[in-house]
Amino acid sequence: MTENKTNINPPAVPRRILSSLLASISAGVVPRSGAPYIAIGRRDEIAALLSDLEQVNDGGGAMRFLIGRYGSGKSFLIQLIRGYALERDFLTADCDLSPERRLYGSGGSGVATYRELMKNLASKTSPDGGALSKVISRWIGSLRTRLIDQGISPDDAKFSHELSRLVALELSEIEFMVGGFDFSRVLTEYYKASISDDDTAKEKAGACLRWLRGEFSTKTEAKQALGFSVSIIADDDNWYDFLKIWAQLAKKMGYRGLVVFIDECVNLYKIPHRVSRENNYEKILSMFNDTLQGRAPGLDIIFGGTPQFLEDTRRGLFSYEALRSRLCDSKFALGEFKNLIGPVIRLRRLTDDELFALIQRVTVLYSEYYGWNCTVTDNDRLEFLKICLSRAGADSMITPREMLRDYMTVLNILMQNPEAEFKDIVGSAVKLETEQDTAIEEPKTQRKTYTATDIEF
């Protein structure tokens, strides 16, 4: 590997974002904001995912599987694309699967995923989530503006009637979708309640938001809160139908589409019961068919998982024949060639130069945040990277997460101990690791020699 002399100087980062960014890197977790400031490499993968956004903007659907080892950058790439989607005026929703959140399950584990997605619903003006009420308010505001442009004054007696007619007209197309009629009515009632100053109306508006977020357990509970009957509520079986409605509404509300990110899919692989696991894979198959066959316009779904989640023929997606036949590599897809047009994107290891540029950029951000004149030179960083790559198997298995955590530890020690030198810290760690490796030996067992007096009859 040749030494890279290029200085990576990112633009000034807001201190709030920089603090969260460095804390996330040190803890080995993915930053929710500020990901573009440390984005290195993955140019082709980013371009492929951004092309999906254009496809969704044109009225189509898309689905991708980001596959990589723990710490390889799946979640980071998801947050990066999430930021790009928000900048391009898409709505985004993201969640991590867990034993309590699945794609399909009894006891509310399916609808729990929908609730998490709605909680994290984000727009360009509300990038941190919780954008549901703001999205609807923006839509109603745009309809009011449209009426004003038509020459109807807000003070006019017929303004309210015309606005109600326009809302009903905009929602008429979703009434034919599964759950669309109730969806349309709840949105209409929310609009009416939101423009009223009455306390009862405000409670009703809150109940409508709860219905849209899937927070009611029974239809009876929903009726009592809403003040009218509904034939459907979001549950374990139909929550994906609600997502398709939101994708359709996103376009109606002036956005370019809805992008859904579902990470930690390895939790589906860990489901012990075969029937339950296959029910979840059946839901993925349904999503896959809908998005690629044009039955989910305006919807882009991106899953993040490990190679085991995809390729294990006993418990992974490849154990479900309908998915294996759709997602497996072609016999012509050789390892040395990349193919980023298919549904599966496998994340390869960053190159040595990209890893070097990454720790160089982190050094700049660290110095900026702490106001510290970093003494680490390019040669020091190069030596650190060589040490990381010299470990057994690191050439193909090293991940940005573990490398950055180690590097941040070195920077923390150097800043807090001005007398310490980079080579001493790194050299001592390497020496200690070598001594521990050589010291692990099986203790020699001594065989006891018995005499006649030791044996009892």
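Everything below is about the structure shown above.
Quick caveat: nothing in here was measured; it's all calculated off a predicted structure.

Caption draft 1: Representation of the overall build of the protein in the model. Per the secondary structure count, the protein includes 19 helices and five strands. The burial tally for the protein puts 49% of its 457 residues in the buried class. Taking the contacts inside the protein whose residues are at least 6 apart along the sequence as the reference set, 71% of them involve residues at least 24 apart. Surface exposure of the protein reaches about 23100 Å², of which carbon and sulfur atoms provide 50%.

Caption draft 2: The side chain of Arg381, seen in detail. Its place among the elements puts Arg381 in helix 16 (residues 378–390). Residue classification places Arg381 among the buried positions, given a relative accessible area of 7%. With near-sequence residues (within four places) excluded, Arg381 lies in contact with Phe356, Ile359, Gln360, Thr363, Val376 and Tyr407.

Caption draft 3: Looking closely at the sheet that holds strand 4 (residues 299–305). Taking strand neighbours across the sheet as the criterion, the five strands line up as 2-3-4-1-5 in an open arrangement whose pairing is parallel. The sheet terminates laterally at strand 2 (91–96) and strand 5 (344–346), the two strands that pair on one side only. Averaged over all adjacent pairs, the angle separating strand axes in this sheet is 15 degrees, with direction ignored. Across six bridges, the pairing between strand 2 and strand 3 (residues 258–263) is parallel. The residue of strand 3 that forms the bridge with Thr92 is Val259. Running at roughly 145 degrees to strand 3, helix 10 (residues 239–252) makes contact with strand 2, strand 3 and strand 4 of the sheet.

Caption draft 4: Fine view of the pairing of strand 3. With respect to burial, strand 3 is a largely interior element, six of its six residues being buried. Of the pairings in the sheet, the one linking strand 3 to strand 4 comprises five bridges and is parallel in character. In the sheet register, Val259 faces strand 4, and the bridge partner there is Asp300.

Caption draft 5: Region of interest: a negative patch on the surface. Taken together, the side chains of Asp197, Asp198, Asp199 and Glu203 present a region of like negative charge at the surface. A relative accessible area of 60% means that Glu203 is categorised as exposed.

Caption draft 6: Representation of the environment of Asn267 in the model. Take Asn267: it is sitting in helix 11 (residues 266–269). For the pair Asn267 and Pro99, spaced 168 residues apart in sequence, the C-alpha separation works out to 6.7 Å. For Asn267, the side chain forms a polar contact with the main-chain oxygen of Glu264, separated by 3.1 Å.

Caption draft 7: Looking closely at helix 15 (residues 352–370). Helix length check: helix 15 (19 residues) gives 27 Å between terminal C-alpha atoms against 27 Å at 1.5 Å per residue, within 8%. With its phi angle positive at about 60 degrees, Gly371 sits one or two positions after the end of helix 15.

Caption draft 8: Looking closely at the state of the cysteines. Using the criterion set out here, one finds zero disulfides in the structure. In this model Cys265 remains outside any disulfide bridge; the closest cysteine sulfur is found in Cys95, 8.4 Å from its own.

Caption draft 9: Structural context of the packing of aromatic side chains. What the rule picks out here adds up to 11 aromatic pairs. Taken together, a centroid distance of 5.2 Å and an interplanar angle of 80 degrees make the contact between Phe183 and Trp246 edge-to-face. In this pair, Phe183 is assigned in helix 7 (residues 180–194) and Trp246 in helix 10, connecting sequence segments 63 residues apart. Across the pair, Trp246 and Phe183 agree in class, each one buried.

Caption draft 10: Local environment of the pattern of salt bridges. The final tally for this structure, using the stated rule, is 23 salt bridges. Ionic pairing is found between Asp89 and Arg138, a salt bridge with its closest N-O pair at 3.7 Å. Linking Asp89 in the loop between helix 3 (74–87) and strand 2 with Arg138 in helix 5 (residues 132–149), this pair joins segments that are 49 residues apart in sequence. For Arg210, the salt bridge is made with Glu215, and the minimal N-O distance between the two is 3.7 Å. One salt-bridge network, held together by shared partners, links Arg210, Arg213, Glu215 and Glu221.

Caption draft 11: Looking closely at the packing of helix 16 against helix 18 (residues 400–416). It is the contact of helix 16 with helix 18, at a shortest axis distance of 11 Å, that shows an interaxial angle of 135 degrees. When the interaxial angle is binned, helix 16 and helix 18 end up oblique. Helix 16 and helix 18 meet at a crossing whose hand is right-handed. Together, Arg381, Phe384, Leu385 and Cys388 of helix 16 and Met403, Asp406, Tyr407 and Val410 of helix 18 make up the contact between the two elements. Looking at side-chain class alone, the contact of helix 16 with helix 18 contains six nonpolar, no polar and two charged residues.

Caption draft 12: Quick look at unusual backbone geometry. We note that Asp89 has phi near 70 degrees; this positive angle belongs to a residue other than glycine. Judged by relative accessible area, Asp89 falls into the partly exposed class, the value being 22%.

Caption draft 13: Here's a closer look at the nonpolar core. Phe65 and Trp211 are the most contacted members of the largest nonpolar core, which has 85 residues in total. A per-element tally of this core places helix 10 first, with nine residues. Apart from the residues lying within four places of it in its own chain, the contact partners of Phe65 are Ile284, Phe288, Phe303, Phe309, Leu317, Leu327, Pro343, Val344 and Ile345. Listed in part, the 62 residues of the second largest apolar core include Ile38, Ala48, Phe76 and Leu355.

Conventions and cut-offs
Residues numbered from 1 in each chain as written. Predicted model: local features only at pLDDT ≥ 70, side-chain atom pairs only at ≥ 80, totals over all residues. Heavy atoms only, no water. Helix = DSSP H or I, 4+ residues; strand = E, 2+ residues; numbered from the N terminus. Buried < 20%, exposed > 50% of the residue type's maximum accessible area, 1.4 Å probe, protein only. Contact = heavy atoms within 4.5 Å. Areas by Shrake-Rupley, 256 points an atom, 1.4 Å probe, with all protein chains shown as cover. Pairing = 2+ DSSP bridges. Axes fitted to C-alpha atoms, helices over the stretch in contact; angles between N-to-C directions. Patch = residues over 30% accessible without salt bridge, like charges linked within 9 Å, V, L, I, M, F, W, Y side chains within 5 Å. Salt bridge = Lys/Arg side-chain N within 4 Å of Asp/Glu carboxyl O. Lys, Arg positive; Asp, Glu negative; His and termini not counted. Charge placed at Lys NZ, Arg CZ, Asp CG, Glu CD. Polar contact = N/O pair within 3.5 Å; in protein donor to acceptor, adjacent residues only side chain to side chain. Expected span 1.5 Å × (residues − 1). Disulfide = S-S within 2.5 Å. Phe/Tyr/Trp six-rings, centres within 6.5 Å; stacked < 30°, edge-to-face > 60°. Parallel < 35°, antiparallel > 145°, perpendicular 65-115°, else oblique. Left-handed = near helix turned anticlockwise from the far one by under 90°. Nonpolar A, V, L, I, M, F, W, Y, C, P; charged D, E, K, R; others polar. Core = buried A, V, L, I, M, F, W, Y, C linked by side-chain atoms within 4.5 Å.

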